[in-house]
Amino acid sequence: MSYVRAAALSELEEDTPKRVELDGVPVSLVRTEGEVFAINDICSHANVSLSEGEVENCHIECWLHGSSFDLRTGKPDSLPATQPVPVYPVKIEGDDVLVSVTQES
C-alpha cells in the first residue's frame, strides 16, 4: 500500500470536511471522534462533493439530497443513495495525515 501526504493534522477542524485530491482521486478528509477518516468525495447518488456536507456521529451527509454515509465503511444509511462510496486507509505520522488511494493488485 502506498501512502501520500494529504494534509497536516493541525489543518483539520473537528467535524469539518476538507477536500483534497490525491493521485487524481477526490478525497474528503474528516477529523471526528478522535480519528481521521478519508472517504471518496463524490456522492454515489449524485455527482456532488461530500466535503460540502455536514458531519455527525461518524457520518457525512450529502448536502444535495441528504444521503448519509458511514465514514468507516462508506455505506449509505439513508436514501436516495444505495451504493457505498470508497473509503481509504489513513495513517498519522507526527502532524502528517497520510492516505492510500491505491488498490493492491
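Please refer to the structure higher up on the page.
Being a predicted model, the structure only gives us computed values, none of them experimental. (Residues numbered from 1 in each chain as written. Predicted model: local features only at pLDDT ≥ 70, side-chain atom pairs only at ≥ 80, totals over all residues. Heavy atoms only, no water.)

(A) Structural context of the environment of Cys62. Counting through the fold element by element, Cys62 comes out in the loop between strand 6 (59–61) and strand 7 (68–70). Accessibility expressed as a relative area gives 1% for Cys62, which makes it buried. Spatially, the C-alpha atom of Cys62 lies 7.8 Å from that of Val48, the residues being 14 residues apart in sequence. Residues within four places of Cys62 in sequence aside, it is in contact with Cys43, Val48, Leu50 and Ser67. (Helix = DSSP H or I, 4+ residues; strand = E, 2+ residues; numbered from the N terminus. Buried < 20%, exposed > 50% of the residue type's maximum accessible area, 1.4 Å probe, protein only. Contact = heavy atoms within 4.5 Å.)

(B) Seen up close, the pairing of strand 9 (residues 90–93). Bridging between strand 9 and strand 10 (residues 96–99) involves four bridges; their strand directions are antiparallel. Along strand 10, the bridge assignment pairs Ile92 with Val97. From the end of strand 9 to the start of strand 10, which pair antiparallel, there are two residues, and Gly94 there has a positive phi angle of about 65°. (Pairing = 2+ DSSP bridges.)

(C) Structural detail: the sheet that holds strand 5 (residues 55–56). Here three strands make up an open sheet; going across it, the order is 5-6-7 and the pairing antiparallel. Whereas interior strands pair on both sides, the edge strands pair on one side only; in this sheet they are strand 5 and strand 7. The sheet contact formed by strand 5 and strand 6 spans two bridges and is antiparallel. Opposite Glu56, over in strand 6, you have His59 as the bridge partner.

(D) Just unusual backbone geometry, in detail. With an omega of 15°, the peptide bond between Leu79 and Pro80 qualifies as cis. Assignment of secondary structure puts Pro80 in the loop between strand 7 and strand 8 (87–88). At Asp15, a position not held by glycine, the phi torsion is positive, near 60°. Inspection of the secondary structure assignment puts Asp15 in the loop between strand 1 (4–8) and strand 2 (18–22). Exposure remark for Asp15: the relative accessible area of 34% places this residue in the partly exposed category. Backbone geometry places Glu33, a non-glycine residue, at a positive phi of 50°.

(E) Structural view of the nonpolar core. Core analysis: the biggest nonpolar cluster contains 15 residues, and Ile39, Cys43, Leu50, Ile60, Phe69 and Leu71 have the highest contact counts within it. Excluding residues within four positions of it along the chain, Leu50 makes contact with Asn40, Asp41, Ile42, Cys43, Ile60, Glu61, Cys62, Phe69 and Val85. Counting residues in hydrophobic clusters, the runner-up holds 14 residues, among them Leu22, Val36, Ala38 and Val99. (Core = buried A, V, L, I, M, F, W, Y, C linked by side-chain atoms within 4.5 Å.)

(F) Expanded view of the packing of aromatic side chains. Evaluation of the coordinates by the stated rule reveals zero aromatic pairs. Lys91 extends its terminal NZ or CZ atom over the ring of Tyr3, reaching a point 4.3 Å from the ring centre. (Phe/Tyr/Trp six-rings, centres within 6.5 Å; stacked < 30°, edge-to-face > 60°. Lys NZ or Arg CZ within 6 Å of the ring centre and 35° of its normal.)

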